[in-house]
Amino acid sequence: MNKRRLGNGGPEVSALGLGCMGMSEFYGSTDEAESIKVIHRAIDLGMNFLDTADMYGRGHNEELVGRAIADRRDRVVLATKFGIVRGDDPRARSVDGSPEYVRKACDASLRRLGVDRIDLYYAHRRDPQVPIEETVGAMAELVAAGKVGHLGLSEVSARTLRAAHAVHPIAALQSEYSLFTRGIEEEILPAARELGVALVAYSPISRGLLGGSLPPAGELPADDFRRHLPRFAGESGARNEALVAEVRKIAEEAGCTPAQLALAWALSRGEDVVPIPGTKRLAYLEENAAAAGIPLDAGVLAALEAAVPSGAVHGARYPDMSLIEG
């Protein structure tokens, strides 16, 4: 697996990382033993960049990842996040970016992960009640204390990214980015490149939509959150499936799967882009990893641009976009 660097002086990571969120919740049933096998196989394949967060499974995901890497910590670049706070209602969300919470959350993540240092620590969302300078200032103290190696932000505007970077170097910006989600190309990605901040692209297969084999939203398991996402349901779902069908045709002509084509497209966007497809199944992990070796020629890229131009996808990313900073 080829390597890419996160930011100026940041860690060197595999060109494809592994998103671990679905191993704990959101995408139907989970199998902890299988998930640990997936993490181990990813590491063996050279996918050394693991992504988790304290809110995934309300801490369970960090504990799972911690157990999986306990005997191979030196082979992993470990990223986690803080800031999204969940209450008793599993659907409720709030954001806390206060310095007190930053310190508290970091210590809790270190305990759950069973490590003494987090390689990349993200603010999962910006707290609109706390200046980003205060949040990042507290994160910088964690770097000085040796608890954190590098800092990241998730789903912030170009303005916020610049303000944060002025306080302490930001190694990575994590945002949703895929053939189906390209809004960051207008202002946010150029700002990241101006500052030397890498883009960690989550949901690069558009939560499986670009995989080309998902059933209609109403047929997904009751505990699969995609049932409630605007892009998967109703008229938007049907219109997006037509776009997926076009991607499937291009993938067949290119001799790869639609998911591999989506990942190869994301990788082609620049050496500073690191996609982190999530999976909890070994077969999908192997398929995703193989995408790192698929070159896309100008003809394939042009065909994809014609089939799915920026803005062609129907429906919002989430039912409630209030936690996403525009």
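Scoring rules and cut-offs
Residues numbered from 1 in each chain as written. Predicted model: local features only at pLDDT ≥ 70, side-chain atom pairs only at ≥ 80, totals over all residues. Heavy atoms only, no water. Buried < 20%, exposed > 50% of the residue type's maximum accessible area, 1.4 Å probe, protein only. Helix = DSSP H or I, 4+ residues; strand = E, 2+ residues; numbered from the N terminus. Arc of directions from axis to C-beta. Contact = heavy atoms within 4.5 Å. Polar contact = N/O pair within 3.5 Å; in protein donor to acceptor, adjacent residues only side chain to side chain. Phe/Tyr/Trp six-rings, centres within 6.5 Å; stacked < 30°, edge-to-face > 60°. Pairing = 2+ DSSP bridges. Right-handed = clockwise from strand over helix to strand, strands pointing away. Axes fitted to C-alpha atoms, helices over the stretch in contact; angles between N-to-C directions. 1 Å grid on protein atoms, 1.4 Å probe; cavity = no way out; pocket = protein on both sides within 12 Å on 5 of 7 lines; lining within 4 Å. Points joined across faces, edges and corners; volume = space filled by probe spheres on them. Nonpolar A, V, L, I, M, F, W, Y, C, P; charged D, E, K, R; others polar. Disulfide = S-S within 2.5 Å.

- Going by what an unreviewed UniProt entry lists, the protein chain is known as Aryl-alcohol dehydrogenase-like predicted oxidoreductase and is assigned to Planomonospora venezuelensis.

With respect to helix 10 (residues 298-307)
- Along helix 10, the residues that are buried comprise Val300, Leu304 and Ala307. End-on view of helix 10: buried residues confined to an arc of 70°, all on one side of the axis. The outward face of helix 10, more than 90 degrees from its buried face, is lined by the exposed residues Ala298 and Ala306.
- As for helix 10, its buried residues are in contact with helix 7 (234-254) and helix 8 (258-267).
- Two or three places before Gly299, at the opening of helix 10, Asp297 has a side-chain oxygen 3.0 Å from that residue's backbone nitrogen.

What to know about unusual backbone geometry
- In this structure, Ser203 is a non-glycine residue whose phi angle is positive, near 50°.
- Along the chain, the position of Ser203 falls in the loop between strand 11 (198-202) and helix 7.
- The phi dihedral of Arg207 is positive, around 55°, even though this residue is not glycine.
- Counting through the fold element by element, Arg207 comes out in the loop between strand 11 and helix 7.
- The class of Arg207 is buried, set by a relative accessible area of 8%.

Details of the packing of aromatic side chains
- Under the definition given, this model contains two aromatic pairs.
- Where Phe82 meets Tyr121, the ring centres are 5.0 Å apart and the plane angle is 35°; that geometry is what we call tilted. With a gap of 39 residues between them, Phe82 in strand 5 (residues 77-82) and Tyr121 in strand 8 (residues 118-123) connect regions that are remote in the sequence.
- Taking the relative accessible area as the measure of exposure, Phe82 reaches 1% and is therefore buried.
- Note on Tyr121: relative accessible area 0%, which makes it buried.

Structural notes on the environment of His124
- Assignment of secondary structure puts His124 in the loop between strand 8 and helix 4 (132-144).
- Accessibility expressed as a relative area gives 5% for His124, which makes it buried.
- Once the C-alpha coordinates of His124 and Lys81 are considered, the two residues, 43 residues apart in sequence, prove to be 5.3 Å apart.
- When sequence neighbours within four positions are dropped, the list of residues in contact with His124 reads Ala53, Met55, Tyr56, Lys81, Phe82, Ile84 and Ser154.

Here's the deal with the pairing of strand 10 (residues 170-176)
- Taken across its seven residues, strand 10 has seven buried, putting it largely inside the fold.
- Taken together, the four bridges between strand 9 (residues 148-154) and strand 10 define a ladder with parallel strand orientation. By the bridge assignment for strand 10, Leu153 is matched with Leu173.
- With helix 5 (residues 158-167) bridging strand 9 and its parallel neighbour strand 10, the resulting β-α-β unit is right-handed.
- Pairing analysis gives five bridges linking strand 10 to strand 11, with the strands arranged parallel. Directly across from Gln174, in strand 11, lies its bridge partner Val200.

With respect to the sheet that holds strand 10
- Read across the open sheet, the eight strands follow the order 3-4-5-8-9-10-11-12; overall the sheet is parallel. Looking along the sheet, the strands with just one partner apiece sit at the ends: strand 3 (18-19) and strand 12 (273-275).
- Contacts from helix 4 reach strand 5, strand 8, strand 9 and strand 10 within the one sheet, and its direction differs from that of strand 9 by about 160°.

Looking at helix 6 (residues 188-195)
- Within the sequence span of helix 6, burial applies to Ile188, Leu189, Ala191, Ala192 and Leu195. Mapping the buried residues of helix 6 onto a view down its axis gives an arc of 160°, with all of them on the same face.
- Buried residues in helix 6 make contact with helix 5, strand 10 and strand 11.
- Just past helix 6, the residue Gly196 takes up positive phi, approximately 80°.

Focus on the pairing of strand 11
- Of all the five residues making up strand 11, five are buried; the element is thus mostly covered by neighbouring parts of the structure.
- Covered by surrounding structure in strand 11 are Ala198, Val200 and Tyr202 together with Leu199 and Ala201, the residues of both alternating faces.
- Of the crossover connections in this fold, the one passing from strand 10 over helix 6 to the parallel strand 11 is right-handed.
- The pairing of strand 11 with strand 12 spans three bridges and is parallel. Residue pairing across strands places Ala201 opposite Pro275, the latter belonging to strand 12.

Points about empty space enclosed by the protein
- For the structure on display, the rule yields one cavity of 30 Å³ or more.
- Volume-wise, the largest cavity comes out at about 40 Å³.
- As for the largest cavity, its lining consists of Phe82, Gly83, Gly97, Ala123, Arg125, Arg126, Asp127, Val130, Ile132 and Thr135.
- For the lining of the largest cavity, the per-class residue count stands at four nonpolar, three polar and three charged.

Things to note about the state of the cysteines
- Evaluated as defined, the whole model comprises zero disulfides.
- Just so you know, Cys20 is unpaired, no disulfide at all, and the nearest cysteine sulfur is the one on Cys106, 18 Å from it.

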